[in-house]
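# Chain and residue survey
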Amino acid sequence: MGLKIYINGTYYAKEDAKISVFDHGFLYGDGVFEGMRAYNGKVFRLDAHMDRLFDSMRSLTIESPMSKAGIAKAVNETLAINEIKDGYIRLIVTRGAGTLGLDAHLCSDPQVIVITDHLALYPKELYEQGLRIVTAGTVRTNPASLSPQIKSLNYLNNILAKIEGHLAGCVEALMLNDKGEVAECTGDNIFTVKNGKLRTPPTAAGILEGITRAAVIEIARKEGLSCEEVALTRYDVYTADEVFLTGSAAELIPIVALDGRAIGSGKPGPMFKHLLEKFHEEARA
Ligand code: PXG
């Protein structure tokens, strides 16, 4: 049986799951999404994803056609129908179909879409060897223009940076904000470790507030580790003992070089290994 895709209360086969070409999600990237992960049939921090989704919609004045509980139920049901216990979930809400103009108030019929699939993870070797990444020239969107806190369907800022990474032979790229501070990677947040202390850029640096980032901060503090949300520059990354990224798909993944410079020992470090273990304990509980 092929994958079943949820659109506004109905399940469709992959080839029949379609939306209007007049949908502003398609025409303008006018919509929001979440990328989630299920472990043993349970979505990791589903409530936090729902809160972020609704904040994204609120900030874009997209009125949700369904309640938080209703969308959460659709996510769980789509996993169950597809018999996926460990997998990835893509949840999308579009502005809906309108005219060819920009007018948001002429749009109606927002689409709530849930796609689940088996995970396409980074290969295991990358967790053992660590990623080598470069800094992208593409600057992260200024929050005064469009807040990176909004998980909108317009990801061109990140896609352009990811292309730069790809052209340099890397699977991720570091993005700086327009002050030259470290913001995040194209689809992952970043942490540094220096003298046993964790640091990660604050929301004000212009980042998506990752659910995995929040989980790692929580786990670190529970473990009695120091974890500061503070502005970082590339100096802090170059001189860190360890660096790792966090994201729903990647979980925690080590960075062993930035811009051709080895970080710390040039190998995944003990803090990364410890936190990944603790993260798995919680996610798989
Ligand atoms: N920053 C950005 C810009 C993201 O898009 C994260 C951080 C991590 O957030 P979570 O909540 O997942 O811990 C994301 C999430 C991909 C992909 O294919 C990744 C995301 C979105 C879409 C695709 O790697 N990232």
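Everything numeric in this text was worked out from a predicted model, so none of it was measured.

### Considerations on the site of the ligand
Around the ligand, a shell composed of 19 residues is seen, among which Tyr155, Glu184, Ile211, Thr212 and Ser248 lie nearest. In this structure, an oxygen atom belonging to the ligand sits 2.8 Å away from a main-chain N or O atom of isoleucine 211. Relative to its free-state accessible area of 550 Å², the ligand is covered by the protein chains to the extent of 83%. Mapped by element, the contributors of at least two residues to the shell around the ligand are helix H6 (211-222) and strand E13 (242-247).

### Some details on the nonpolar core
Ranked by size, the top nonpolar core spans 24 residues in total, and within it Met36, Met50, Leu53, Val75, Ile89 and Leu91 carry the most contacts. Excluding residues that lie within four positions of it along the chain, valine 75 makes contacts with Met36, Val43, Leu46, Met50, Ile89, Leu91 and Val114. Residues Tyr122, Leu126, Ile253 and Ile263 belong to the second largest nonpolar core, which totals 21 residues.

### So, the sheet that holds strand E4 (residues 42-43)
Here we have six strands laid out as an open sheet, ordered E2-E1-E6-E5-E3-E4, and antiparallel in their pairing. A strand with exactly one partner marks an edge of an open sheet, and here the two such strands are strand E2 (10-13) and E4. As judged from the six bridges shared by strand E5 (residues 87-94) and strand E6 (residues 112-117), these two strands associate in the antiparallel manner. Across the sheet, the residue bridging to arginine 90 is isoleucine 115, located in E6. Strand contacts of helix H2 (residues 46-59): strand E3 (31-39), E4 and E5, with the helix running at about 175° to E3, the strand carrying the most contacts.

### A closer look at the domain arrangement of the chain
By domain assignment, the chain separates into domain 1 (4-117) and domain 2 (124-283). For the domain 1 face of the interface with domain 2, the top three residues by lost area are Phe33, Arg45 and Arg52, together amounting to 36%. Our count for the contact surface shared by domain 1 and domain 2 stands at three salt bridges. In this structure, the salt-bridge partner of arginine 37 is glutamate 251, at a minimum N-O distance of 3.4 Å. Between domain 1 and domain 2 we count eleven residue pairs in polar contact (both at pLDDT 80 or more) in total. When residues of the side of domain 1 that touches domain 2 are traced back to their parent elements, those giving at least two are helix H1 (24-28), E3, H2 and E5. The element best represented in the side of domain 1 that touches domain 2 is E3, accounting for seven residues. For the side of domain 1 that touches domain 2, a count of residues per class yields nine nonpolar, eight polar and four charged.

### Describing the packing of H2 against helix H3 (residues 68-81)
The geometry of H2 relative to H3 is characterised by a closest axis approach of 10 Å and an angle of 125° between their N-to-C directions. Between H2 and H3, the angle falls in the class oblique. The handedness of the crossing between H2 and H3 comes out as right-handed. The segment H2 lies against H3, with Leu46, Met50, Asp51, Leu53 and Phe54 engaging Lys68, Ile71, Ala72, Val75 and Asn76. The residue makeup of the contact of H2 with H3, split by class, is seven nonpolar, one polar and two charged.

### A short note on the side chain of threonine 200
With respect to the helices and strands, the residue threonine 200 is situated in strand E11 (residues 197-200). Taking the relative accessible area as the measure of exposure, threonine 200 reaches 0% and is therefore buried. A distance of 2.5 Å separates a polar atom in the side chain of threonine 200 from the backbone oxygen of isoleucine 190. Those residues within four positions of threonine 200 in sequence are excluded, and the remaining contacts are Ile190, Phe191, Arg213, Ile217, Glu228, Glu229, Val230 and Leu232.

### A short note on the environment of tyrosine 155
By the element assignment, tyrosine 155 lies in the loop between strand E7 (131-135) and helix H5 (156-167). Residue tyrosine 155 is classed as buried on the basis of its relative accessible area, which comes to 19%. C-alpha of tyrosine 155 to C-alpha of lysine 4: the two residues are 151 residues apart in sequence and 25 Å apart in space.

### Brief notes about the packing of H6 against helix H8 (residues 270-283)
Orientation of H6 relative to H8, taken along the N-to-C sense of each, is 105°, at an axis distance of 10 Å. Comparing their axes, H8 and H6 come out roughly perpendicular. Packed against H6, whose contacting residues are Thr212, Ala215, Val216, Ile219 and Ala220, the element H8 presents Leu275, Lys278, Phe279 and Glu282 at the interface. Looking at the contact of H6 with H8, its residues break down into six nonpolar, one polar and two charged.

Scoring rules and cut-offs
- Residues numbered from 1 in each chain as written.
- Predicted model: local features only at pLDDT ≥ 70, side-chain atom pairs only at ≥ 80, totals over all residues.
- Heavy atoms only, no water.
- Near = heavy atom within 4 Å.
- Polar contact = N/O pair within 3.5 Å; in protein donor to acceptor, adjacent residues only side chain to side chain.
- Areas by Shrake-Rupley, 256 points an atom, 1.4 Å probe, with all protein chains shown as cover.
- Helix = DSSP H or I, 4+ residues; strand = E, 2+ residues; numbered from the N terminus.
- Core = buried A, V, L, I, M, F, W, Y, C linked by side-chain atoms within 4.5 Å.
- Buried < 20%, exposed > 50% of the residue type's maximum accessible area, 1.4 Å probe, protein only.
- Contact = heavy atoms within 4.5 Å.
- Pairing = 2+ DSSP bridges.
- Axes fitted to C-alpha atoms, helices over the stretch in contact; angles between N-to-C directions.
- Domains from an automatic or database assignment.
- Buried area = accessible area lost by both parts, 1.4 Å probe.
- Salt bridge = Lys/Arg side-chain N within 4 Å of Asp/Glu carboxyl O.
- Nonpolar A, V, L, I, M, F, W, Y, C, P; charged D, E, K, R; others polar.
- Parallel < 35°, antiparallel > 145°, perpendicular 65-115°, else oblique.
- Left-handed = near helix turned anticlockwise from the far one by under 90°.

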